[in-house]
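# Structural features, examined
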Amino acid sequence: MIRSATLTAPSALPSIPENNRLRLLSGSANIALSQEVARYLGMDLSPMVRKRFADGELYIQIQESIRGCDVYLIQPTCRPVNDHLMELMIMVDACRRASARQITAVIPYYGYARADRKTAGRESITAKLSANLITEAGANRVLAMDLHSSQIQGYFDVPLDHVYGSPVLLDYLAKKQLPDIVVVSPDVGGVARARAFAKKLNDAPLAIIDKRRQAHNIAEVMNVIGDVRGKTAVLVDDMIDTAGTITEGAKLLREQGARQVYACATHAVFSPPAIERLSSGVLEEVIVTNTIPVEPENRFPQLTVLSVANLLGETIWRIHEDSSVSSMFR
């Protein structure tokens, strides 16, 4: 099921007149989310032709004048990552050549973010490479949600607004009124995220899972730092990919005496065998957002999908009106 965020359009928010300089365009990665954002802003997505040549090359043409307009291109770079990243760059280039005044790449999920530094010799830092490509294509600004690491903000040579899906997740959890909550970070790297989440959840206590990773997408859970016995554990992460970290962490929390285990993440990447692991019964509920579209075949009874469309729509409006974005998260 998909639930909308509680952030609703204020009564003072006017309908966008036809001659307004704000334009919304959507890539093919998550058209449903883009349509929700457009509804929040009271406008339509700009028409666009998107097709492929016989060899797979992508062709894009914008079907209305955007000269002198502030254009917002909504495109998460999710699976297939290469295709959606290339599509975003082509859209940016098309807008630049159509004389748009300002081009903002709205990237609800920023792919290639996990390689954000060199951990061994002869590695590429793909998070920086992707940032360079988007900037060189012509983006004047980037709006991203829950980057894998905060340092990625510094990889862009243009202004970047970093927003969070946590208000939507926190609002949903607050309505559930879960007893004796302890917020759990699935690894040491996510402690700052979990601490901020716990603070906004009535200063809930914090626990950390000590994890040793042997290889990419393979996690070995070692120990729990903190008290989870008899409590409702809420695992918090930015994404769920193969779900190895989340499910192994949930098993360990149950062994340590946790009464219930919930999982919260902004990005539902869901690479195989994530669905089998998440639906195995080790988790009471898996709560994600729709930054990445969740296909029908990837849905299971314990899954709840929350919408971040209103959050993104409000952020776009504030950027367009030169208003504060950070005040939304205080």
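Please refer to the structure placed before this passage.
Here's a quick rundown of the structure. These numbers come from a predicted model, not from an experiment.

## Side note on the packing of helix α1 (residues 31-41) against helix α8 (residues 309-320)
- Between α1 and α8, the shortest axis-to-axis distance is 8 Å and the interhelical angle comes to 55°. On the basis of the axis angle, α1 is oblique to α8. Viewed along their axes, α1 and α8 form a crossing whose handedness is right-handed. On α8, the residues touching Leu33, Glu36, Val37, Tyr40 and Leu41 of α1 are Ala309, Asn310, Leu312, Gly313, Glu314, Ile316 and Trp317.
- In terms of residue class, the contact of α1 with α8 is made up of eight nonpolar, two polar and two charged.

## Concerning the nonpolar core
- By size, the foremost hydrophobic cluster in this structure holds 43 residues, and its most contacted members are Leu24, Val37, Val183, Leu312 and Ile316.
- Broken down by element, the residue count for this core peaks at six residues, all from α8.
- Discounting chain neighbours no more than four positions away, the residues touching Val183 are Ala194, Phe197, Ala198, Leu201, Ala204, Pro205, Leu206, Ala207, Val234 and Val236.
- Cys95, Tyr110, Ala127 and Phe156 belong to the second largest nonpolar core, which has 35 residues in total.

## Some details on the environment of Arg50
- Topologically, Arg50 is positioned in strand β3 (residues 48-52).
- Relative accessible area serves as the criterion here: at 31%, Arg50 is assigned to the partly exposed category.
- Sequence-distant contacts of Arg50, defined by excluding residues within four places in its chain, comprise Ser26, Gly27, Ser28, Leu58, Tyr59, Ile60 and Glu87.
- Of the polar contacts made by the side chain of Arg50, one reaches the side chain of Glu87; its length is 2.6 Å.

## A word on the pairing of strand β7 (residues 141-145)
- Buried residues dominate β7, accounting for four of its five residues.
- Each parallel crossover has a hand, and the one from strand β6 (residues 102-107) via helix α3 (residues 126-137) to β7 is right-handed.
- Judged from the four bridges that link them, β7 and strand β8 (residues 160-163) form a sheet pairing that is parallel. Counterpart to Leu143 in the pairing with β8 is Asp161.

## Some thoughts on the packing of aromatic side chains
- The final tally for this structure, using the stated rule, is four aromatic pairs.
- Their ring planes at 75° and their centres at 6.2 Å tell us that Phe53 and Tyr59 sit as a pair that is edge-to-face.
- The class for Phe53 is partly exposed, based on a relative accessible area of 44%.
- Aromatic side chains Tyr164 and Phe329 sit 5.6 Å apart centroid to centroid with 85° between the ring planes, which places their arrangement in the edge-to-face category. Here Tyr164 is found in the loop between β8 and α4 (166-176), whereas its partner Phe329 is found in the segment after α8, with 165 residues between them in sequence.

## Notes on the sheet that holds strand β5 (residues 70-74)
- If you walk across this open sheet you meet the five strands as β2-β5-β6-β7-β8, and the pairing is parallel. Both edges of this open sheet fall to β2 (22-26) and β8, since each of them pairs with a single strand only. Direction aside, neighbouring strands of the sheet carry axes that sit 20° apart on average.
- Contacts between α8 and the sheet are confined to β2, β5, β6, β7 and β8, with β7 contributing the most and set at about 155° to the helix.

## Regarding the pattern of salt bridges
- Summed over all chains, the structure comprises 17 salt bridges.
- For Asp237, the salt bridge identified is with Arg193, shortest N-O distance 3.6 Å. Pair noted here: Asp237 is in strand β12 (residues 232-240) and Arg193 is in helix α5 (residues 191-200), with a separation of 44 residues, a long-range link.
- On the accessibility criterion, Asp237 (13% relative accessible area) is buried.
- Between Glu284 and Arg254 there is a salt bridge whose closest N-O contact spans 2.7 Å.

## Some remarks on helix α2 (residues 81-97)
- In this model α2 runs 24 Å from its N-terminal to its C-terminal C-alpha over 17 residues, within 8% of the 24 Å that 1.5 Å per residue would give.
- Buried within α2 we find His84, Leu85, Glu87, Leu88, Met89, Met91, Val92, Ala94 and Cys95.
- Where the residues of α2 are buried, they touch β2, β3, β4 (58-62), β5, β6 and α3.
- Just past α2, the residue Ser99 takes up positive phi, approximately 70°.

## Considerations on unusual backbone geometry
- Residue Pro80 follows Arg79 across a cis peptide bond; omega there is -5°.
- Positionally, Pro80 belongs in the loop between β5 and α2.
- A cis amide bond links Pro272 to the next residue, Pro273, at an omega of 5°.
- Along the chain, Pro273 falls in the loop between β13 (260-268) and α7 (274-278).
- The phi dihedral of Asp322 falls on the positive side, at around 60°, and the residue is not glycine.
- With respect to the helices and strands, Asp322 occurs in the segment after α8.
- Residue classification places Asp322 among the exposed positions, given a relative accessible area of 72%.

Calculation notes
Residues numbered from 1 in each chain as written. Predicted model: local features only at pLDDT ≥ 70, side-chain atom pairs only at ≥ 80, totals over all residues. Heavy atoms only, no water. Axes fitted to C-alpha atoms, helices over the stretch in contact; angles between N-to-C directions. Helix = DSSP H or I, 4+ residues; strand = E, 2+ residues; numbered from the N terminus. Parallel < 35°, antiparallel > 145°, perpendicular 65-115°, else oblique. Left-handed = near helix turned anticlockwise from the far one by under 90°. Contact = heavy atoms within 4.5 Å. Nonpolar A, V, L, I, M, F, W, Y, C, P; charged D, E, K, R; others polar. Core = buried A, V, L, I, M, F, W, Y, C linked by side-chain atoms within 4.5 Å. Buried < 20%, exposed > 50% of the residue type's maximum accessible area, 1.4 Å probe, protein only. Polar contact = N/O pair within 3.5 Å; in protein donor to acceptor, adjacent residues only side chain to side chain. Right-handed = clockwise from strand over helix to strand, strands pointing away. Pairing = 2+ DSSP bridges. Phe/Tyr/Trp six-rings, centres within 6.5 Å; stacked < 30°, edge-to-face > 60°. Salt bridge = Lys/Arg side-chain N within 4 Å of Asp/Glu carboxyl O. Expected span 1.5 Å × (residues − 1).

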